[in-house]
Amino acid sequence: MAALLQDPLTLEQQRPGSPSSSAPDQLTETVVVGPINLAAAPLGYSGIEEHTTPTHAFVEHSSTILFPILFFPNVYFSFDRLYELELVWLAALAIPFALVSGDLVGGVVHWAADTYFSEDTPIVGPALIKPFRQHHLFPRDICTHTFVSIVGNVCILAVPVLSVCLYLLWISDHGLIAFAILCTALMAATTVGTNIFHKWAHQEKPGAGVRWLQRMRFVLEPNHHQVHHTEPFQMHYCITNGWLNPLLNKIGFFRKLEAVLHFFGIEPTNEKSEVRSQN
Ligand SMILES: [Zn+2]
Ligand SMILES: [Zn+2]
């Protein structure tokens, strides 16, 4: 289903006759709600509504339902195994590990989506690259997205991982396996929560509970995240709680990753000078 309206970034990048100008979108279609008048849309909103394909919607909804069905048994049985082995102290380590590693995983995926691939890349293009790049143009569109569209794609990735974890718990009674699975399950939950926390950071009037979580820095704080939406748009990729952003900025983590990929001939596909909304 071809997109009815392309955003300015896409239009700027397309060449006449390029595949993206005629190829059907694999996962999403774009529907204009009301007349096209971006200037009249509230700041940060596009006025455009994305609809996923029926197949993708089915997988998204199924995975979103399956995630808690797999997550809670993983946490319960891995914790129970650690308790039996008198290794509960390891369970306490799993929580900070999950919060930090979830922030890192989300940051690396965000950086990769911002910097490499294109909206036309098979599978990841419509599912990952396009949402991230459109988010830079219309940051508050995320506030209009449904719960399933916010967490569904991450659940699609997390469900197979949690299935394997549950199987490993079934066949092994080793304490370290139980610890690794508890860490993995909590990290998966943190990663699934990332887009929810990201959405909260763009909401104009979040609830009191959310504001408290943001003030305490348990989740992404709006002013902290705003740095990512401010020129030169190359910092603060971590959007779970943002705890790692100062460290990664200081050591030039993402620039070094780009240098390593450049060494192997892999170049960024997204111009740093792209036009973005800073709202
Ligand atoms: Zn970004
Ligand atoms: Zn954002």
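Time to look at the nonpolar core. Phe67, Leu82 and Leu162 are the most contacted members of the largest nonpolar core, which has 31 residues in total. At the level of secondary structure, the elements contributing two or more residues to this core comprise α2 (54-84), α3 (88-115), α5 (147-171) and α6 (175-202). When residues in this core are grouped by element, the largest group, 11 residues, is from α6. In this view, leucine 162 contacts Phe67, Leu70, Phe71, Asn74, Ala185 and Ala188; residues no more than four positions away in its chain are not counted.

Let us now look at the pattern of salt bridges. Oppositely charged side chains can pair when the atoms bearing their charge come close. Under the counting rule described, the total for this entry stands at 1 salt bridge. The shortest N-O distance in the salt bridge between glutamate 258 and arginine 255 comes to 3.0 Å. Of this pair, glutamate 258 and arginine 255 both sit in helix α10 (residues 253-263), separated by 3 residues, roughly a single helical turn. By relative accessible area, glutamate 258 is classed as buried at 13%. In this structure arginine 255 comes out as partly exposed when scored by relative accessible area, which is 30%.

End to end, helix α4 (residues 124-137) covers 19 Å across 14 residues, agreeing with the expected 20 Å (1.5 Å per residue, within 8%). At lysine 130, α4 shows its maximal kink, close to 35°; a proline, proline 131, follows between one and four residues later. The buried count for α4 comes to 11 of 14 residues, which makes it a mostly enclosed element. Listed as buried for α4 are Gly125, Pro126, Ala127, Ile129, Lys130, Phe132, Arg133, Gln134, His135, His136 and Leu137.

Further remarks concern the packing of α2 against α5. Their axes nearest at 6 Å, the elements α2 and α5 cross at an angle of 40°. Considered as vectors, α2 and α5 are oriented oblique to each other. Handedness of the crossing formed by α2 with α5: left-handed.

Time to look at the coordination of the zinc ion (ligand 1). A metal bound by six donors in octahedral fashion has ideal angles of 90 or 180 degrees, whereas one bound by four tetrahedral donors has an ideal angle of 109.5 degrees. Those protein atoms acting as donors to the zinc ion (ligand 1) are His110 (NE2), Asp114 (OD), His136 (NE2) and His228 (NE2), and they sit at 2.0 to 2.1 Å. Around the zinc ion (ligand 1) sit 4 donor atoms, and with donor-metal-donor angles ranging over 94 to 148° the site reads as irregular. Along the chain, the residues donating to the zinc ion (ligand 1) are arranged with the sequence spacing H-x3-D-x21-H-x91-H. Note that histidine 110 and aspartate 114 are positioned in helix α3 at a spacing of 4 residues, about one turn of the helix. No difference in accessibility class separates histidine 110 from aspartate 114, as the two residues are buried.

Next up on the list: the confidence of the model for the chain. Here the chain averages 83 in pLDDT, while 79% of its residues score no lower than 70. The low-confidence segment residues 1-26, where pLDDT is below 50, has 37 contacts with residues more than four positions distant or belonging to other chains.

It is worth spelling out the coordination of the zinc ion (ligand 2) at this point. Looking at the zinc ion (ligand 2), one finds its protein donor set to be His135 (NE2), His198 (NE2), His202 (NE2), His225 (NE2) and His229 (NE2), positioned 2.0 to 2.2 Å from the metal centre. You can call histidine 202 buried: its relative accessible area is 4%. For histidine 225, a relative accessible area of 1% translates into the label buried.

Both the distance between ring centres and the angle between the ring planes are used here to describe each pair of aromatic rings. According to the stated counting rule, one finds 10 aromatic pairs in the structure shown. For the ring pair tyrosine 237 and phenylalanine 254, a centre distance of 4.8 Å and an interplane angle of 65° mean the geometry is edge-to-face. Pair noted here: tyrosine 237 is in the loop between α8 (222-226) and α9 (245-250) and phenylalanine 254 is in helix α10, with a separation of 17 residues, a long-range link. Of the two residues examined, tyrosine 237 and phenylalanine 254, each falls in the buried class. A network of ring pairs unites the aromatic residues Trp111, Tyr116, Tyr237, Phe253 and Phe254 as a single cluster.

Turning our attention to the environment of leucine 261. Here leucine 261 is to be found in helix α10. With residues up to four places along the chain from it excluded, the contact list for leucine 261 reads Trp111, Tyr116 and Ile266.

Two elements in contact, α3 and α4, have axes whose closest approach is 9 Å; the angle formed by their N-to-C orientations is 80°. Compared by their axis directions, α3 and α4 come out roughly perpendicular. Counted together, Val109, His110, Ala113, Asp114 and Thr115 of α3 and Leu128, Ile129, Phe132, Arg133 and His136 of α4 form the full contact between these two elements. Looking at the contact of α3 with α4, its residues break down into 5 nonpolar, 3 polar and 2 charged.

Side chains of Val164, Tyr167, Leu168, Trp170, Ile171 and Ile177 sit close together on the surface and give an oily, nonpolar patch of about 660 Å² of accessible area. In terms of residues, the nonpolar patch owes the most to one element, α5, which gives 5 residues. Mapped onto the elements, leucine 168 comes out in helix α5. With a relative accessible area of 33%, leucine 168 lands in the partly exposed category.

What counts, and where the lines are drawn
Residues numbered from 1 in each chain as written. Chains lettered and ligands numbered in written order. Predicted model: local features only at pLDDT ≥ 70, side-chain atom pairs only at ≥ 80, totals over all residues. Heavy atoms only, no water. Core = buried A, V, L, I, M, F, W, Y, C linked by side-chain atoms within 4.5 Å. Buried < 20%, exposed > 50% of the residue type's maximum accessible area, 1.4 Å probe, protein only. Helix = DSSP H or I, 4+ residues; strand = E, 2+ residues; numbered from the N terminus. Contact = heavy atoms within 4.5 Å. Salt bridge = Lys/Arg side-chain N within 4 Å of Asp/Glu carboxyl O. Expected span 1.5 Å × (residues − 1). Bend = angle between axes of the 7 residues up to and from the residue. Axes fitted to C-alpha atoms, helices over the stretch in contact; angles between N-to-C directions. Parallel < 35°, antiparallel > 145°, perpendicular 65-115°, else oblique. Left-handed = near helix turned anticlockwise from the far one by under 90°. Donors = N, O, S within 2.8 Å, 3.2 Å for Na, K, Ca; no water. Tetrahedral: all angles 85-135°; square planar, octahedral: opposite > 155°, others 65-115°. pLDDT = per-residue confidence, 0-100. Phe/Tyr/Trp six-rings, centres within 6.5 Å; stacked < 30°, edge-to-face > 60°. Nonpolar A, V, L, I, M, F, W, Y, C, P; charged D, E, K, R; others polar. Patch = residues over 30% accessible without salt bridge, like charges linked within 9 Å, V, L, I, M, F, W, Y side chains within 5 Å. Areas by Shrake-Rupley, 256 points an atom, 1.4 Å probe, with all protein chains shown as cover.

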